[in-house]
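Given next are the chains, with one letter for each unit.
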Amino acid sequence: DAKTTQPTSMDCAEGRAANLPCNHSTISGNEYVYWYRQIHSQGPQYIIHGLKNNETNEMASLIITEDRKSSTLILPHATLRDTAVYYCIVRGYSTLTFGKGTMLLVSP
Amino acid sequence: GAVVSQHPSRVICKSGTSVKIECRSLDFQATTMFWYRQFPKQSLMLMATSNEGSKATYEQGVEKDKFLINHASLTLSTLTVTSAHPEDSSFYICSAGAVAETYEQYFGPGTRLTVT
C-alpha cells in the first residue's frame, strides 16, 4: 500500500472547520483513501473513504485532488469531542496499516 | 455501523500467567479478524490476521506460540497471551471484516493488558 504523510499535530478552535491534510503521492489506481480516528484509549473509528470523487457523510467531507496525490479531511464544525488522532490510510485489497496520524486538538 | 466488542476491557495479570482476550462481532458475520497492538504514544501495529476455520497469519516478529489466535466461528476470535511478561503490557485491539463487505474493518474498543 502507498505511504501517507500527515502533519504530527494540528490545533482548531471549537466551532471552526478542521482541515486535515494527507499526502499520498505514490497512490495507485485501485487504492482507496481511508480516514479513521482514535480517541484516547479507544479503538479506531471509521470516518470516511473515497477513491476519486469527493465524499461527504454525517461526520466529515473528504476532498481528493484530481491527481489523487493528496487529500483533505474536513470536519465542518469541530467540537471538543473531535479531539483525537486522525489516520489517513491508503489501501487496496490488503489490511489497514496505520501510520502516526495527526493529533488534532480542539480547544474552547 | 457494525459493532465489535472485546472482553475484558482491562486486565491485570501476574508475570508468567496466560490471558485470553475475546473479540466478537455482534451484528454481522466476520470472515476475517485482525489483532493489533498499541504501545503508549505509538500507532497500531498489526499482529496477525485470522480467517474463520483456518490458522492465523502472523506479522513478522510476532511469536505465534506466544500469541495464540483462535477464530472458531464467524462471530468470535480469541487472542491468548501465553506466559505473559511485563513487556507484553499494551493496548490490544481487534477488528473484524464483514462477509459482505470485504474491505471494511470495524474495530473493537480495545483491551488494556497490564502484566505485573
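Residues numbered from 1 in each chain as written. Chains lettered and ligands numbered in written order. Predicted model: local features only at pLDDT ≥ 70, side-chain atom pairs only at ≥ 80, totals over all residues. Heavy atoms only, no water.

**Student:** Outline the overall build of chain A, supporting the account with residue identities and numerical values.
**Tutor:** Regarding its fold elements, chain A presents zero helices and nine strands. Helices and strands in chain A line up, N terminus first, as β-β-β-β-β-β-β-β-β. Taken over C-alpha atoms, the radius of gyration comes to 13 Å for chain A, in line with the 13 Å a tight globule of 108 residues would show. Dimensions along the principal axes, computed over C-alpha positions, put chain A at roughly 40 × 30 × 25 Å. Buried residues in chain A amount to 44% of all 108 residues. Sequence-distant contacts in chain A: of pairs separated by 6 or more residues, those separated by 24 or more amount to 55%. Of the roughly 5,600 Å² of accessible surface on chain A, 51% is carried by carbon and sulfur atoms. Each charge class in chain A can be summarised by its mean position, and for the 9 positive and 9 negative side chains these summaries are 4 Å apart. (Helix = DSSP H or I, 4+ residues; strand = E, 2+ residues; numbered from the N terminus. Rg over C-alpha atoms; globule rule 2.2 N^0.38 Å. Buried < 20%, exposed > 50% of the residue type's maximum accessible area, 1.4 Å probe, protein only. Contact = heavy atoms within 4.5 Å. Areas by Shrake-Rupley, 256 points an atom, 1.4 Å probe, with all protein chains shown as cover. Lys, Arg positive; Asp, Glu negative; His and termini not counted. Charge placed at Lys NZ, Arg CZ, Asp CG, Glu CD.)

**Student:** Lay out the sheet that holds strand E3 (residues 19-25) of chain B in plain terms, naming residues and giving numbers.
**Tutor:** Residue and element names in this part refer to chain B. If you trace the four strands from one edge of the open sheet to the other, you get E1-E3-E8-E7, paired in antiparallel fashion. Here the strands that pair on one side only, and so sit at the sheet edges, are strand E1 (4-7) and strand E7 (67-73). For this sheet the average axis-to-axis angle between neighbouring strands, irrespective of direction, equals 15 degrees. (Pairing = 2+ DSSP bridges. Axes fitted to C-alpha atoms, helices over the stretch in contact; angles between N-to-C directions.)

**Student:** Report on the pairing of strand E6 (residues 61-64) of chain A, specifying residues and quantitative values.
**Tutor:** Residues and elements named next belong to chain A. Across two bridges, strand E5 (residues 55-56) lies against E6 in antiparallel orientation. Bridging across to E6, glutamate 55 finds its partner in leucine 62. The antiparallel pairing of E5 with E6 creates a hairpin that spans four residues between the two strands. Two strands pair when backbone bridges link them, and E6 and strand E7 (residues 70-75) are joined in this way by four bridges, in the antiparallel orientation. Bridge assignment links leucine 62 to a residue of E7, and that residue is leucine 73. Between E6 and the antiparallel strand that follows it, E7, lie five residues; arginine 68 among them carries a positive phi value of about 65 degrees.

**Student:** An account of the side chain of B:Thr80 is requested, with residue identities and associated values reported.
**Tutor:** Residues and elements named next belong to chain B. Within the secondary structure, threonine 80 sits in strand E8 (residues 76-81). Judged by relative accessible area, threonine 80 falls into the buried class, the value being 16%. Residues in contact with threonine 80, not counting those within four places in the same chain, are Ser18, Val19, Lys20, Lys66, Phe67 and Leu68.

**Student:** So what's going on with the state of the cysteines? Residues and values would help.
**Tutor:** Covalently bonding the sulfur atom of one cysteine to the sulfur atom of another cysteine gives a disulfide. In this structure the tally under the stated criterion is two disulfides over all chains. The disulfide bridge from A:Cys22 ends at A:Cys88, spanning 2.1 Å between sulfur atoms. Note on the A:Cys22 and A:Cys88 pair: the S-S dihedral is about -80 degrees, so by sign convention the disulfide is left-handed. Here A:Cys22 is found in strand E2 (residues 18-23), whereas its partner A:Cys88 is found in strand E8 (residues 84-91), with 66 residues between them in sequence. One disulfide bridge connects B:Cys23 with B:Cys94, the sulfur atoms lying 2.0 Å from each other. (Disulfide = S-S within 2.5 Å.)

**Student:** Break down the sheet that holds E7(A) for me, citing the residues and quoting the values.
**Tutor:** Residue and element names in this part refer to chain A. Strands sit in the order E2-E7-E6-E5 across an open sheet of four strands; the sheet is antiparallel. The open sheet has two free edges, formed respectively by E2 and E5, since each of these has just one partner strand. Alignment of E2 against E7, held across six bridges, turns out to be antiparallel. The residue bridging alanine 18 from the neighbouring strand is leucine 75, located in E7.

**Student:** A description of the pairing of strand E9 (residues 102-107) of chain A should follow, citing residues and the corresponding values.
**Tutor:** Residue and element names in this part refer to chain A. On E9, burial follows the alternation: Thr102, Leu104 and Val106 on one face are buried, whereas Met103, Leu105 and Ser107 on the facing-out side are not. Looking at chain direction, E8 and E9 are connected through three bridges and run antiparallel. Directly across from tyrosine 86, in E9, lies its bridge partner threonine 102.

**Student:** How would you explain the pattern of salt bridges if you had to name every residue and give the values?
**Tutor:** Oppositely charged side chains are able to pair whenever their charged atoms sit close together. A complete count under the given rule lists three salt bridges over all chains for this structure. In this structure, A:Asp82 engages A:Arg37 in a salt bridge whose closest nitrogen and oxygen atoms are separated by 2.8 Å. Remark: A:Arg37 occurs in strand E3 (residues 32-38) and A:Asp82 occurs in the loop between E7 and E8; sequence separation between them is 45 residues. There is no split in this pair, since A:Asp82 and A:Arg37 are both buried. For B:Arg24, the salt bridge goes to B:Glu22, with nearest N and O atoms at 3.4 Å. Given a relative accessible area of 33%, B:Arg24 falls into the partly exposed group. By relative accessible area, B:Glu22 is classed as partly exposed at 24%. (Salt bridge = Lys/Arg side-chain N within 4 Å of Asp/Glu carboxyl O.)

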